[in-house]
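Chain by chain, the residues run as shown.
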Number of protein chains: 2
Amino acid sequence: MRYARPLAQLIEQLEKLPGIGPKSAQRLAFHILRASQEENQRLATAILEVKAKTRYCQRCFNFSEEDLCPICQDARRDQSVICVVADPRDLTAIENSGEFRGVYHVLQGLLSPIEGVLPDQLRVRELIERVKSGTVKEVILAMNPTVEGDATALFLSGELKPLGVKVTQLAMGLPVGGDLDYADQVTIARAVAWRREI
Amino acid sequence: MRYARPLAQLIEQLEKLPGIGPKSAQRLAFHILRASQEENQRLATAILEVKAKTRYCQRCFNFSEEDLCPICQDARRDQSVICVVADPRDLTAIENSGEFRGVYHVLQGLLSPIEGVLPDQLRVRELIERVKSGTVKEVILAMNPTVEGDATALFLSGELKPLGVKVTQLAMGLPVGGDLDYADQVTIARAVAWRREI
């Protein structure tokens, strides 16, 4: 036994967190040991309360403290444009861009027949209900440009188009600040195919 | 407000930890949100208890749950050889090597006149008392090979040698598995100067 038991226990618990290896766990544990008890109390409280106080927005399935999330509650957001994302992190990434003023729909995953993720496990039915309600003009499919993301987008587009709604997807091409020389072939191919007049 | 308040609070608390940026804090928060409440309870308890239950070993000043740390209590350890380290992390690094069977003395820092760290702020007096007690035959100075580490080792060696104890320091040279071509000049210079017959 190399560390005092309470310290060893803290390191053990921290190591269970994703991306936290033994070294990081040790560094964090020493920090917590040196921090004030008030700070540690705030951290512990936040950890304990997050599950109990967080639920899903009943409309878009983003995490929310109330029945409807702040975005769905916001009257200034355009409720006729729905951006469909796989999970709340993608939602935050799009929000941070500041470019989108519509509302969201969080699928809570991507289709993956290999891993047994079928449309029933995602919030697909709820999305279709929202579109059927009639006020939606456009659905933006904002999945990651991966095999699962593309498969999910293709499936959703097949479900949504017959409902008479405009279905779009995020543009693919060169990342801003990127380097043509370092871009992969598929990205360049997309950038050429999706080129636009200036 | 992009995240539900409890989630935002957790992210805010996690971001205060060293080496945890906004992205990592977000990733950890989502993990905690998905983890079971029992797991979160164990993590929170470990955070809350670590300060209250951890104190310093009265002999070597390593972190300890009891008055004496497990190493100082261990009758199989050679109490006549003391390895002096700057902090408990260095102690763990040496323990993990499995090479040392003596006991330790944790200075709780390194001398740094620029930052105002003087011998009085470290556990120097306690080290000298231990050596004076008469059972100590060798003191190994195991500071990092840095400016502060070297200065601390030099200072301690000046204090300890007059007490008639053998004072040694860790060997410097090429790291095992290292590459001569990538080693810095100072390391190679030490490796040459400290060479030994095979």
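Residues numbered from 1 in each chain as written. Chains lettered and ligands numbered in written order. Predicted model: local features only at pLDDT ≥ 70, side-chain atom pairs only at ≥ 80, totals over all residues. Heavy atoms only, no water.

## What about the interface of chain A and chain B?
- With 50 residues of chain A at the interface, the matching set in chain B holds 50 residues.
- In total, chain A and chain B occlude about 5,200 Å² of area from one another, counting both sides; carbon and sulfur atoms represent 66% of this.
- For the salt bridge of E65 of chain B with R5 of chain A, the shortest nitrogen-to-oxygen distance reads 2.7 Å.
- Here chain A and chain B share twelve residue pairs in polar contact (both at pLDDT 80 or more) between them.
- Elements with a minimum of two residues in the side of chain A that touches chain B: helix 1 (5-15), helix 2 (22-34), helix 3 (37-53), strand 2 (63-64) and helix 5 (88-97) of chain A. (Contact = heavy atoms within 4.5 Å. Buried area = accessible area lost by both parts, 1.4 Å probe. Salt bridge = Lys/Arg side-chain N within 4 Å of Asp/Glu carboxyl O. Polar contact = N/O pair within 3.5 Å; in protein donor to acceptor, adjacent residues only side chain to side chain. Helix = DSSP H or I, 4+ residues; strand = E, 2+ residues; numbered from the N terminus.)

## Considering the domain arrangement of chain A
- When the domains of chain A are assigned, the result is domain 1 (5-53) and domain 2 (77-169).
- A straight line from the C-alpha centre of domain 1 of chain A to that of domain 2 of chain A covers 36 Å. (Domains from an automatic or database assignment.)

## Quick word on the environment of M172 of chain B
All names here are of chain B.
- With respect to the secondary-structure elements, M172 resides in the loop between strand 6 (166-169) and helix 8 (185-193).
- Taking the C-alpha atoms as reference points, M172 and T135, separated by 37 residues in sequence, lie 28 Å from one another.
- With residues near it in sequence (within four places) discarded, M172 still touches P145, R190, A191 and W194.

## Regarding the sheet that holds strand 4 (residues 102-106) of chain A
Residues and elements named next belong to chain A.
- Ordered by their spatial adjacency, four strands build an open sheet running 4-3-5-6, and the pairing between neighbours is parallel. Only two strands of the sheet have a single partner each, and these edge strands are strand 4 and strand 6 (166-169). Taken pair by pair, the neighbouring strands of this sheet meet at an average axis angle of 25°, ignoring direction.
- Pairing of strand 5 (residues 138-141) with strand 6, which is carried by four bridges, proceeds in the parallel orientation. Within strand 6, the residue paired with I140 across the bridge is T168.
- Its contacts with the sheet place helix 5 against strand 3 (78-85) and strand 4, and it is angled at close to 160° to strand 4.
- Against the sheet, helix 6 (residues 124-132) makes contact with strand 3, strand 4 and strand 5, and its axis sits at roughly 150° relative to strand 4, the strand it touches most. (Pairing = 2+ DSSP bridges. Axes fitted to C-alpha atoms, helices over the stretch in contact; angles between N-to-C directions.)

## A word on the environment of C69 of chain A
All names here are of chain A.
- Structurally, C69 can be placed in the loop between strand 2 and helix 4 (70-73).
- A sequence separation of 77 residues divides C69 from T146, and the C-alpha atoms of the two residues are 28 Å apart.
- When near neighbours in sequence (up to four residues on either side) are disregarded, C69 contacts C57, C60, N62, F63 and S64.

## Some words on the packing of helix 1 (residues 5-15) of chain B against helix 2 (residues 22-34) of chain B
All names here are of chain B.
- At their nearest, the axes of helix 1 and helix 2 sit 8 Å apart, and the two run at 130° to each other. As far as their axial angle goes, helix 2 and helix 1 are oblique. Helix-helix and strand crossings are classified by hand; for helix 1 and helix 2 the assignment is right-handed. Residue-level contacts link L7, L10, I11, L14 and E15 of helix 1 to P22, A25, Q26, L28, A29, F30, I32 and L33 of helix 2. (Parallel < 35°, antiparallel > 145°, perpendicular 65-115°, else oblique. Left-handed = near helix turned anticlockwise from the far one by under 90°.)

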